Amino acid sequence: MTGIRNIVILTGAGISAESGLKTFRAEDGLWENHPVEEVATPEGFARDPALVQRFYDERRAQISAAQPNPAHEALGRLDREWSGDFLLVTQNIDDLHERGGARRVLHMHGEGLSAWCRACDARHRWEEPLSHGPACPSCGEAAMRPDIVWFGEMPYQMDRIFDALARADLFVSIGTSGAVYPAAGFVQQAAANGARTLELNLEESLGSRNFDETRLGAASELVPAWVAEVLRA
């Protein structure tokens, strides 16, 4: 693509829905039959840690069972073959981007296959249940929680994201609702710095009007076609 050197991509739940992972929040305010406030807030964890740990044990198992789809694999190809700066920012907690071949990935909302020790602040790759209170491999304390950014907590590595947006020539949003901030504001930040902006989504989002171009359809079809277009240019 002419004049494009630095690319920032934002992905949301829509890109993983075709791999069988449900989107985060339904219209009824429930996530897998749980009120979001029960399982995705620090207050919910303080009230009933056993419920929250079981909930994320189930999510962890679902992530491990899911497989990357053609959209993940296409972004992995773009990461490998793009010689300029590239940052793939995902709101998703699954590891399907990495298993699809991407390496320059930032999980702004945390990772489902990671555990965070509240005692020593260590983070560990974690694929087993947390509901039985396992000890932290670093300090031995039973203080592990899901390494997930809950409502009311600050997303990870925001300084790095803002720096990438400031230098981006192209910002692409894939499979996002445009409803959750701060990610919903990334398109405006990128555009203010002169980047071209593109949305790939199943349907128009709340932020579609802020993009230079919106393409509608399934991520598994749109993303491979767009990546091929970029790498041909």
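Each value, and the rule that gives it
- Going along each chain's sequence as written, the residues are numbered from 1 onward.
- Selection of residues for local features in this predicted model requires a pLDDT of at least 70, selection of side-chain atom pairs for listing and counting requires 80 or more, and totals for whole chains, interfaces and linings are taken over all residues.
- Hydrogens and water are ignored here; the side-chain numbers use all heavy atoms of the structure.
- UniProt positions are given in the numbering used here, feature names are shortened, and annotations may be inferred rather than shown by experiment.
- By the convention used here, strands pair only if DSSP detects at least 2 bridges between them.
- Every helix listed is a DSSP run of H or I at least four residues long, and every strand listed is a run of E at least two residues long, numbered separately from the N terminus.
- Between the N-to-C directions of two axes lies an angle of 0 to 180 degrees, each axis being a line fitted to C-alpha atoms and, for a helix, fitted only over the stretch in contact.
- Contact definition: two residues touch when any of their heavy atoms are within 4.5 Å.
- Two N or O atoms count as a polar contact when they lie within 3.5 Å, although within protein this holds only if one can serve as hydrogen donor and the other as acceptor, and sequence-adjacent residues are included solely when both atoms are side-chain atoms.
- Throughout this description, buried means an accessible area under 20% of the type-specific maximum (1.4 Å probe, protein chains only), exposed means over 50%, and partly exposed covers the range between.
- Note: the arc covers the axis-to-C-beta directions of the helix.
- For the domain bounds, the source is a domain assignment made automatically or taken from a database.
- Joining two parts hides part of their accessible area as seen by a 1.4 Å probe, and the buried area is that hidden amount summed over both.
- Should a side-chain nitrogen of Lys or Arg be within 4 Å of a carboxyl oxygen of Asp or Glu, the pair is scored as a salt bridge.
- Under this grouping Gly is polar, as are all residues other than the nonpolar Ala, Val, Leu, Ile, Met, Phe, Trp, Tyr, Cys and Pro and the charged Asp, Glu, Lys and Arg.

You'll find the chain entered in an unreviewed UniProt entry as NAD-dependent protein deacylase, with Aurantiacibacter zhengii given as the organism. On record in UniProt, under Function (unreviewed entry), the comment for the chain is "NAD-dependent lysine deacetylase and desuccinylase that specifically removes acetyl and succinyl groups on target proteins. Modulates the activities of several proteins which are inactive in their acylated form." Of the chain, the UniProt comment under Subcellular location (unreviewed entry) reads exactly: "Cytoplasm".

1. Comments concerning the sheet that holds strand β11 (residues 213-216)
One open sheet accounts for six strands, arranged β5-β4-β1-β9-β10-β11; its pairing is parallel. Lying at the two open borders of the sheet, with one neighbouring strand each, are β5 (105-107) and β11. Strand-to-strand twist across the sheet, computed as the mean angle between neighbouring axes with direction ignored, equals 15°. Two strands pair when backbone bridges link them, and strand β1 (residues 7-11) and strand β4 (residues 86-90) are joined in this way by five bridges, in the parallel orientation. Note that in β4 the partner of Thr-11 across the bridge is Thr-90. Helix α5 (residues 70-81) rests against β1, β4 and β9 (170-174) of the sheet, and its axis sits at about 150° to β4.

2. As for the UniProt feature "active site" (unreviewed entry) in the chain
Mapped onto this structure's residue numbering, the UniProt feature "active site" (unreviewed entry) falls at His-109. Among residues more than four places away in sequence, those in contact with His-109 are Thr-90, Gln-91, Ile-93, Asp-147, Ile-148, Val-149 and Pro-155. Looking at His-109, its side chain comes within polar contact range of the main-chain oxygen of Gln-91, at 3.3 Å.

3. Details of helix α7 (residues 158-167)
Burial in α7 covers these residues: Met-158, Ile-161, Ala-164 and Leu-165. Considered in projection along α7, the buried side chains sweep an arc of 125° and stay on one side of the axis. Each element contacted by the buried residues of α7 is listed here: β1, β4, β5, β9 and α8 (186-192).

4. Notes on the domain arrangement of the chain
How big an interface is tends to be stated in terms of accessible area lost as the parts join. Taken as a whole, the chain is organised into domain 1 (1-20 + 68-109 + 155-232) and domain 2 (22-65 + 113-148). Between domain 1 and domain 2, the C-alpha centre-to-centre distance is 26 Å. On the domain 2 side, the residues contacting the eight residues of domain 1 number ten residues. Here domain 1 and domain 2 share an interface that buries about 780 Å² over both sides, 58% of which is from carbon and sulfur atoms. If you sort the residues of domain 1 by the area they bury against domain 2, Ile-93, Asp-95 and Tyr-156 come out on top, with a joint share of 55%. Taken together, domain 1 and domain 2 are joined by one salt bridge. We note a salt bridge from Asp-95 to Arg-125, for which the minimum N-O separation is 3.6 Å. Split into classes, the residues belonging to the side of domain 1 that touches domain 2 amount to three nonpolar, two polar and three charged.

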